[in-house]
Amino acid sequence: MVHRARWTCLCLLIVAFSATADWRSQLPGAQRLGAGEFTWFGLRLYTAQLWTLGPALDWNRPFALELLYHRSLSKDTLVQASLEEMHRLNAGGIAPQQRLAWTQALEAAFVDVRPGMRITGLYLPGQGCRFYVEGELSREITDPTFARAFFAIWLDPRARDPQLRQRLLGLTGSERGR
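Because the structure is predicted, anything quoted here is derived from the model rather than measured.

## A short note on the sheet that holds strand β1 (residues 31-40)
- Pairing is antiparallel across the open sheet formed by 6 strands, whose spatial order is β1-β2-β3-β4-β5-β6. The sheet is open, and its two borders are formed by β1 and β6 (136-141), each paired with just one other strand. Each strand axis lies, on average, 20° off the axis of its neighbour in the sheet, ignoring direction.
- Pairing between strand β4 (residues 118-124) and strand β5 (residues 128-133): 6 bridges, direction antiparallel.

## Topic: the layout of surface pockets
- Its boundaries defined by the atoms lining it, the largest pocket holds a volume of some 610 Å³.
- Phe38, Tyr46, Ala81, Ser82 and Glu85 are the residues nearest the centre of the largest pocket, which is lined by 27 residues in total.
- Listing elements by their share of the lining of the largest pocket, those giving two or more residues are β1, β2 (43-52), β3 (63-69), α3 (75-89), β4 and α5 (144-155).
- Of all the elements, α3 adds the most residues to the lining of the largest pocket, at 6 residues.
- Among the residues making up the lining of the largest pocket, the classes are represented as 19 nonpolar, 4 polar and 4 charged.

## Examining the packing of α3 against helix α4 (residues 96-109)
- Axis separation between α3 and α4 bottoms out at 10 Å; the angle between their running directions is 145°. Crossing of α3 against α4: the hand is right-handed. Residues Lys75, Val79, Gln80, Ser82, Leu83, Met86 and His87 of α3 form the contact with α4, whose participating residues are Arg99, Trp102, Thr103, Leu106 and Glu107.
- Residue classes in the contact of α3 with α4 are distributed as 5 nonpolar, 4 polar and 3 charged.

## Observations concerning the pattern of salt bridges
- One pass over the structure, following the stated rule, counts 7 salt bridges.
- For Glu37, the salt bridge identified is with Arg44, shortest N-O distance 2.9 Å.
- Overall, Glu37 belongs to the partly exposed group, its relative accessible area being 34%.
- A salt bridge links Arg118 to Glu66, with the shortest nitrogen-to-oxygen separation between them at 3.4 Å. Here Glu66 lies in strand β3 and Arg118 lies in strand β4, a separation of 52 residues in the sequence.
- A residue is classified by how much of its surface remains accessible, and Arg118, at 31% relative accessible area, is partly exposed.
- For Glu66, a relative accessible area of 5% gives the class buried.

Conventions used here
- Residue indices begin from 1 for each chain and proceed along its sequence in written order.
- Per-residue local features are limited, in this predicted model, to residues with pLDDT of at least 70; the limit for side-chain atom pairs, both in listing and counting, is 80 or more; totals at the level of whole chains, interfaces and linings are taken over all residues.
- For side-chain calculations, the full set of non-hydrogen atoms in the structure is used, while hydrogens and water are omitted.
- Two strands pair under a simple rule: DSSP has to find at least two bridges between them.
- Secondary structure follows DSSP: runs of H or I at least 4 residues long count as helices, runs of E at least 2 residues long count as strands, and numbering of each begins at the N terminus.
- Axis lines are fitted through C-alpha atoms, for helices just across the contact stretch, and the angle between N-to-C directions can take any value from 0 to 180 degrees.
- Grid points spaced at 1 Å over the protein atoms alone were grouped into cavities, where a 1.4 Å probe fits but cannot get out, and pockets, open sets with protein on both sides within 12 Å along at least five of seven lines, with lining residues defined by an atom within 4 Å of a point.
- Grid points are joined across faces, edges and corners, and a volume is the space filled by probe spheres set on the points.
- For this classification, Asp, Glu, Lys and Arg are treated as charged, while Ala, Val, Leu, Ile, Met, Phe, Trp, Tyr, Cys and Pro are nonpolar and the rest, including Gly, are polar.
- Handedness of each helix crossing follows the sense of rotation of the near helix against the far helix: counterclockwise by less than a right angle gives left-handed, clockwise gives right-handed.
- Residue contacts follow a heavy-atom distance rule, with two residues in contact if any of their heavy atoms lie within 4.5 Å.
- Any Lys or Arg side-chain nitrogen found within 4 Å of a carboxyl oxygen on Asp or Glu counts as a salt bridge.
- Burial classes follow relative accessibility: with a 1.4 Å probe on protein chains only, a residue under 20% of its type's maximum area counts as buried, one over 50% as exposed, and anything between as partly exposed.

Put into structure tokens, the structure is as follows:
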């Protein structure tokens, strides 16, 4: 009986450790597809990097989007900006109860950021996503619709910053417009 209890505790520790491990351990073999900076009215807010398992973005495979912040921003600012873009890209197709759930999820996942901080989103197709703050798991959101809408902020062809999208996708001048 004692042996079984020890074995159970060991298994629980392994599961707990794997759930809190850095996003890179969850996406072994990921390579940086592209990177770019986001500026707002001339202010450099963050540098974004897209990490994928292949030579192109594939919404059917996991990927990570890492943001390195250059300015201090409040959690509320990050949540509101994310929700506004998700709403804009979904042409108003977000029901009020869904928006409330998404607001609560983002509020639980995000923190106030300061220069040098990293937040990474790990996209898990068909499952949802995970957010890591400074390499530590902050929140897992098990809503595939949310995950797709969130990452579309940067990766949808209608993204607010099409040049950043092109850079993240690693597209050169001749490949743009695909």
